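The chain contents come next:
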Amino acid sequence: MSAPGVRYDATFDCWVVTDPELVRRALREPALSAQTLEAATVAFLPSEVRDECAPLLDTLRRWFVTLDGEPHRRRRQAVAHLFSPRHVRAFDGALTEIAEAAVGRYAARGGDAVPAIADVVAAQGIAALLDLGGVPHERLTAWARSVSEFLATSYRADRARAAQAALDEMAASVLERPGALPGVAPDDPAERLATVSMLLFGGMETTSGLVGFALWYLVANQLSDRVAADPSGAEAETVVERALELLSPIGHVARLALRPVRIGDAEVPPGALVLLALHGEDVLDQPEMPARCPAHAPARRDHLAFGGGPHFCIGAPLARAIAGAAVTAFARALPSATVRELRWRDSPTFRGPASLVLSPETSEPDRR
Ligand code: HEM
């Protein structure tokens, strides 16, 4: 029972949609619910940790990315003002400073640009917007990583416990901060914790993946001179958009069929879990990450890296601004850098470089 761009997978008892046009439509289909937490995560949780991690599950059940209809709309509305392009633009100066400082330290020390630049600009950029500036970026990164590792492998008791511990730490250190998350559920600590944990989780691994890939693309295609020479920022924007087009930092999103729903030629039954690929490849196949960097070309904007429909990524303007600042700062500070080593993350869900070692200078053109 398979159709072009849609197939049923008996091993994982789920449907996989790869055709971008069908994915685009499915993301807007009201019969496909975003409430997948029970089917995709809780169902796999070892019974011995269910009670122990009840507060973690309660928090995840409040994440508006896993809610539909009015409850989703209301919660999204409560934070939308923070992510409007206009509000994000007001942080341009702060994001530039963050990026220049991270790149400056990297220029002095070298090494792996993922922890030194990508993780730092992602964490500090999001923290600036949410007014969490006083929390060290290493802690923000560690919390977000614990939660994403749990979501990717919820059958592991150790990962569930680590995510619960990260959430407890986050609650203790974030909720008390006077300015954090301005205007969001001021009298409801559980709701505030849910919102801040979802924003940190949603933004950090993804934005770090984007920045890592964009730096690789910039250096491997030797685009630094033109990016550095362009005061408008358009060249840097093209690099970022091309990175999003070539490598969606999230491999897929999940939905649950509420009633029979037609996707392409397939009739998906109620209760079925549906995985929607954001990169046009089968999400259950071993991902094939590029060994050589794709050549530079005009960027397309019709990619699905930020999803679509009512759950379209609220953080897209911020992610683009953080990545643009990082690419510009790097191009200006290290215009002759070359790629020494690249290793990919092994997660099919959170994609991007696991490590990216760059050399500050070389005379040899190198497109690895
Ligand atoms: C390159 C970076 C990013 C990528 C690739 C990305 C990708 C996505 C995708 C694909 C979705 C849709 C999820 C679904 O349909 O189930 C989404 C939703 C979301 N993203 Fe992002 N994201 C990024 C950065 C960010 C940032 C920086 C934040 C906030 C700090 C953020 C917060 C969210 C939230 C809250 C949602 C849920 C929106 C809703 O349900 O209405 N994301 N993101």
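Above this note sits the structure.
Residues numbered from 1 in each chain as written. Predicted model: local features only at pLDDT ≥ 70, side-chain atom pairs only at ≥ 80, totals over all residues. Heavy atoms only, no water.

When you look at the overall build of the protein in this model, what are you seeing that I'm missing?
What the protein contains, in helices and strands, is 14 helices and nine strands. A compact globule built from 368 residues should have a C-alpha radius of gyration of about 21 Å, and the protein, at 20 Å, falls within 12% of that. Principal axes of the C-alpha set define a box for the protein whose edges measure 60 × 50 × 40 Å. Counting over 368 residues, the protein shows a buried share of 52%. Considering only contacts within the protein whose residues lie at least 6 apart along the sequence, 73% involve residues at least 24 apart. Considering the protein, the positive charge centre built from 38 side chains and the negative charge centre built from 46 side chains are found 3 Å apart. (Helix = DSSP H or I, 4+ residues; strand = E, 2+ residues; numbered from the N terminus. Rg over C-alpha atoms; globule rule 2.2 N^0.38 Å. Buried < 20%, exposed > 50% of the residue type's maximum accessible area, 1.4 Å probe, protein only. Contact = heavy atoms within 4.5 Å. Lys, Arg positive; Asp, Glu negative; His and termini not counted. Charge placed at Lys NZ, Arg CZ, Asp CG, Glu CD.)

Got a minute to help me understand the site of the ligand in this structure?
Around the ligand, a shell composed of 27 residues is seen, among which H72, R76, R255, H311 and C313 lie nearest. For the ligand, an oxygen atom lies 2.7 Å from a polar atom in the side chain of H72. Within the residue set of the shell around the ligand, elements represented by two or more residues are α5 (69-83), α11 (189-220) and β4 (252-257). The biggest single contributor to the shell around the ligand is α11, with seven residues. Taken together, the residues of the shell around the ligand break down into 17 nonpolar, eight polar and two charged. (Near = heavy atom within 4 Å. Polar contact = N/O pair within 3.5 Å; in protein donor to acceptor, adjacent residues only side chain to side chain. Nonpolar A, V, L, I, M, F, W, Y, C, P; charged D, E, K, R; others polar.)

Before we go on, may I ask you to explain the sheet that holds strand β2 (residues 14-17) in this structure?
Across a sheet, paired strands are connected by hydrogen bonds in the backbone, their directions being either parallel or antiparallel. In spatial order, the strands read β1-β2-β7-β4-β3; together these five strands make up an open sheet with mixed pairing. Every other strand in the sheet has two partners, leaving β1 (6-9) and β3 (32-33) as the edge strands with one partner each. Taken together, the four bridges between β1 and β2 define a ladder with antiparallel strand orientation. Across the sheet, residue R7 finds its bridge partner in β2, namely V16. (Pairing = 2+ DSSP bridges.)

Would you mind going over the coordination of the iron atom of the ligand with me for this structure?
Coordination angles at a metal have ideal targets, namely 109.5 degrees for four tetrahedral donors and 90 or 180 degrees for six octahedral donors. For the iron atom of the ligand, the sole protein-derived donor is C313 (SG), lying 2.3 Å away. Within the secondary structure, C313 sits in the loop between β7 (273-277) and α14 (316-333). (Donors = N, O, S within 2.8 Å, 3.2 Å for Na, K, Ca; no water.)

Looking at this model, I keep getting lost on the packing of aromatic side chains. Mind explaining?
Two aromatic rings, taken as a pair, are described by how far apart their centres are and by the angle between their planes. This model, assessed by the stated rule, comprises eight aromatic pairs. Relative to F350, the ring of F201 has its centre 5.8 Å away and its plane inclined at 90°; by these criteria the two rings are edge-to-face. Of the two residues, F201 is situated in helix α11 and F350 in the loop between β8 (338-344) and β9 (353-359); the sequence distance between them amounts to 149 residues. Here the two residues F201 and F350 agree in accessibility, since each one is buried. Plain terms: the ring middles of F213 and W216 are 5.6 Å apart, the flat faces sit at 70° to each other, and that makes the pair edge-to-face. Remark: W216 and F213 occur in helix α11; sequence separation between them is three residues, near one turn of the helix. Each of the two residues, F213 as well as W216, counts as buried. Taken together, the ring pairs in this structure connect W63, F201 and F350 into an aromatic cluster. (Phe/Tyr/Trp six-rings, centres within 6.5 Å; stacked < 30°, edge-to-face > 60°.)

For this particular structure, what's the right way to read the layout of surface pockets?
Taking a probe equal in size to a water molecule and rolling it over the atoms shows the remaining empty space. Of the volumes computed, that of the second largest pocket is approximately 680 Å³. Lining the second largest pocket are 27 residues, with D92, E237, R320, A321 and G324 positioned closest to its centre. Secondary-structure elements contributing two or more residues to the lining of the second largest pocket are α6 (85-89), α7 (92-109), α13 (234-246) and α14. In terms of residues, the lining of the second largest pocket owes the most to one element, α14, which gives nine residues. Taken together, the residues of the lining of the second largest pocket sort by class into 13 nonpolar, five polar and nine charged. (1 Å grid on protein atoms, 1.4 Å probe; cavity = no way out; pocket = protein on both sides within 12 Å on 5 of 7 lines; lining within 4 Å. Points joined across faces, edges and corners; volume = space filled by probe spheres on them.)

Before we go on, may I ask you to explain the pairing of β7 in this structure?
Walk down a regular strand and you will see the side chains alternate between the two sheet faces. Within β7, five of the five residues are buried, which leaves it mostly tucked inside the rest of the structure. What you see with β7 is no split at all: L273, L275 and A277 on one side and V274 and L276 on the other are buried throughout. Strand direction decides the pairing type here: β2 and β7, joined by four bridges, are parallel. Residue pairing for β7: V17 is matched across the bridge by L276. The pairing of β4 with β7 spans five bridges and is classified as antiparallel.

Function-wise, these values are silent; they only describe arrangement.
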